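Structural overview for review
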Amino acid sequence: MPKLSLLKHLRGRKNLLAFSYGSDSTALFYLLCRENIAFDMALINYKTRLNSDLEEEEAKKLAKSFNKAIFTQTAPQFVSNFEKNARDFRYAFFEKICLEKGYENVILAHQLDDKFEWFLMQLGKGAGLMELLGMNALEKRTHFTLIRPLLNVPKGQILAFLKENRLKYFNDESNHNETFKRNFIRKHFSEEFLKHFSKGVQKSFVFLQEDLKALNLGEIEEFGGILICVKNESLIAKACKKLGVLMSERQRKECLKKDCVISAKIGVVYVENKAFIFTYERCEKMPKSFKERCRKLQIPKLLRPFCFNHQIELETLLSFGLKK
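Parameters at a glance
Residues numbered from 1 in each chain as written. Predicted model: local features only at pLDDT ≥ 70, side-chain atom pairs only at ≥ 80, totals over all residues. Heavy atoms only, no water. UniProt positions renumbered as here; feature names shortened; annotations may be inferred. Helix = DSSP H or I, 4+ residues; strand = E, 2+ residues; numbered from the N terminus. Rg over C-alpha atoms; globule rule 2.2 N^0.38 Å. Buried < 20%, exposed > 50% of the residue type's maximum accessible area, 1.4 Å probe, protein only. Contact = heavy atoms within 4.5 Å. Phe/Tyr/Trp six-rings, centres within 6.5 Å; stacked < 30°, edge-to-face > 60°. Lys NZ or Arg CZ within 6 Å of the ring centre and 35° of its normal. Salt bridge = Lys/Arg side-chain N within 4 Å of Asp/Glu carboxyl O. Pairing = 2+ DSSP bridges. Axes fitted to C-alpha atoms, helices over the stretch in contact; angles between N-to-C directions. Parallel < 35°, antiparallel > 145°, perpendicular 65-115°, else oblique. Left-handed = near helix turned anticlockwise from the far one by under 90°. Nonpolar A, V, L, I, M, F, W, Y, C, P; charged D, E, K, R; others polar. Expected span 1.5 Å × (residues − 1). Arc of directions from axis to C-beta.

As recorded by an unreviewed UniProt entry, the chain carries the name tRNA(Ile)-lysidine synthase and is attributed to Campylobacter helveticus. Quoted verbatim from the Catalytic activity (unreviewed entry) field of the UniProt record, the comment on the chain reads "cytidine(34) in tRNA(Ile2) + L-lysine + ATP = lysidine(34) in tRNA(Ile2) + AMP + diphosphate + H(+)". Quoted straight from UniProt, the Subcellular location (unreviewed entry) entry for the chain says "Cytoplasm".

What follows is the structure, encoded as structure tokens:
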């Protein structure tokens, strides 16, 4: 039976399982039940498959039979960049539920194959260590924590568990559409590789995470909507992605040279060895007293309008960003 991780972060807390009735989330549903982890469910109907409505109805029946609340939402039709828009919509939905209902954790069913596919996708684009290992088992967001208990479990183990226990789930036929880069990588590279070397991949990811910790780069932190990290190209790129902008290679190199605005959307400024990343804003009527206070505290000029518009406590921001 697949072994779940991070159970101590789930016990005694209010948890929300991102559910699709696919193989991974179905297996995770039953494994959490076996571990007596309390949780409710959230499902998004993208209306992209013949079985989309049936899957939603069956998920509601499953939730009812196990006495669990289920929150459902129908996504709009995305004209372009489906994967990104769907992801943004999904996390906005999770955040809304967590804020309204008080959920502390969102449980995701990503597994080892997903992590390896991500690794290969980033490797193919040219990425640093932070981006190669971008999918973490525990990831703190502003209003909730993402937890992936199956992240070190190969897909084969999950399918074997479902078969052994005769558990019903739905296949997502869109997983065979090779116009999506992830599906192309899965079919031509990662799937066959993991059939032979999954144990080695598991160990490598553990060693890589330990090496990353040894580098002491820290995490991306957040204060008042401002993302703060060490002045590191990969971390800054990851922070910009969280705010909706994928940086080009040229932008990544240029932004390290000085304070700048990326794609007219994201501001990046530096105070000592820390980077502050935020949604770029303007303010035409900033009081002189506020400007003078910013000058004395050495708040970078690009950051001042955001701080004024959002009433950021400047001293706290600096102490938060520059803490050891």
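What follows is about the overall build of the chain. Broken down by element type, the chain carries twelve helices and eleven strands. For 324 residues, the compact-globule formula gives about 20 Å, and the C-alpha radius of gyration of the chain, at 22 Å, lands near that figure. With the principal axes as the frame, the chain shows a C-alpha extent of 70 × 40 × 40 Å. Scored against the burial criterion, the 324 residues of the chain give a buried share of 46%. Here the contacts in the chain between residues at least 6 apart in sequence split such that 65% fall between residues at least 24 apart.

Okay, the packing of aromatic side chains next. Applying the stated criterion across every chain yields a total of 21 aromatic pairs. Between phenylalanine 93 and phenylalanine 94, the ring centres sit 6.4 Å apart and the planes meet at 40 degrees, which makes this aromatic pair tilted. Phenylalanine 94 carries the same exposure label as phenylalanine 93, and that label is buried. Aromatic rings pair up to connect Phe19, Tyr21, Phe29, Tyr30, Phe39, Phe66 and Phe170 into one cluster. Taking the ring centre of phenylalanine 39 as reference, the NZ or CZ of lysine 68 above it sits at 3.9 Å.

The tally for this structure, following the rule as stated, stands at 24 salt bridges. Among the ionic pairs, glutamate 35 bridges to arginine 11, the shortest N-O distance being 3.3 Å. Of this pair, glutamate 35 sits in the loop between α1 (23–34) and β2 (40–45) while arginine 11 sits in the segment before β1 (15–18), and the two are 24 residues apart along the sequence. Look at glutamate 35 and you get partly exposed, because its relative accessible area is 28%. Its salt-bridge partner being lysine 84, residue aspartate 88 comes within 2.6 Å of it at the nearest N-O pair.

With that out of the way, let us pick up the sheet that holds strand β7 (residues 221–223). Sheets are built from strands paired through backbone hydrogen bonds, the pairs being either parallel or antiparallel. One open sheet holds the five strands; their spatial order is β7-β8-β11-β10-β9, and the pairing between them is antiparallel. Edge positions in the open sheet fall to β7 and β9 (260–262), since each of these has one partner strand only. Each neighbouring strand pair of the sheet contributes to a mean axis angle of 30 degrees, computed without reference to strand direction. Against the sheet, helix α8 (residues 233–242) engages β8 (226–230), β10 (266–271) and β11 (274–279), with an angle of about 165 degrees to β8.

Next up on the list: unusual backbone geometry. You will see that leucine 6, though not glycine, has its phi angle at about 60 degrees, which is positive. Looking at the secondary structure, you find leucine 6 in the segment before β1. Given a relative accessible area of 23%, leucine 6 falls into the partly exposed group.

Here we have six strands laid out as an open sheet, ordered β3-β2-β1-β4-β6-β5, and mixed in their pairing. Single-partner strands in this sheet number two, and they are β3 (70–74) and β5 (138–140). Sheet twist, expressed as the mean angle between neighbouring strand axes with direction ignored, is 25 degrees.

With that settled, consider the UniProt feature "domain: tRNA(Ile)-lysidine/2-thiocytidine synthase N-terminal" (unreviewed entry) in the chain. UniProt marks residues 15–187 with the feature "domain: tRNA(Ile)-lysidine/2-thiocytidine synthase N-terminal" (unreviewed entry), using the numbering shown here. Between the end C-alpha atoms of residues 15–187 there is a gap of 33 Å, over a span that is 47% helix and 14% strand.

Packing of α1 against helix α6 (residues 155–164) brings their axes to within 10 Å, and their N-to-C directions diverge by 65 degrees. With respect to α6, the element α1 is oriented roughly perpendicular. Read as a crossing pair, α1 and α6 show a hand that is left-handed. Touching Ser23, Asp24, Thr26, Ala27, Tyr30, Leu31 and Arg34 of α1 are Lys155, Ile158, Leu159, Phe161 and Leu162, all from α6. Residue composition of the contact of α1 with α6, by class: seven nonpolar, two polar and three charged.

Time to look at the side chain of glutamate 56. Examined against the element boundaries, glutamate 56 turns out to sit in helix α2 (residues 52–65). Under the relative-accessibility criterion, glutamate 56 is labelled buried at 11%. In contact with glutamate 56, not counting residues within four places along its chain, are Leu43, Asn45 and Thr72.

Residues lying three or four places apart along an α-helix face the same way, a consequence of the helix completing one turn every 3.6 residues. With 20 residues, helix α3 (residues 82–101) extends 28 Å from end C-alpha to end C-alpha; this agrees with the ideal 28 Å at 1.5 Å per step. If you check which residues of α3 are buried, you get Ala86, Tyr91, Phe93, Phe94, Ile97 and Cys98. One side of α3 holds all its buried residues, which, seen down the axis, span an arc of 150 degrees. Exposed residues pointing more than 90 degrees away from the buried face of α3 are listed as Leu99 and Glu100. Buried residues along α3 sit in contact with β1, β2, β3, β4 (105–107) and β6 (145–147).

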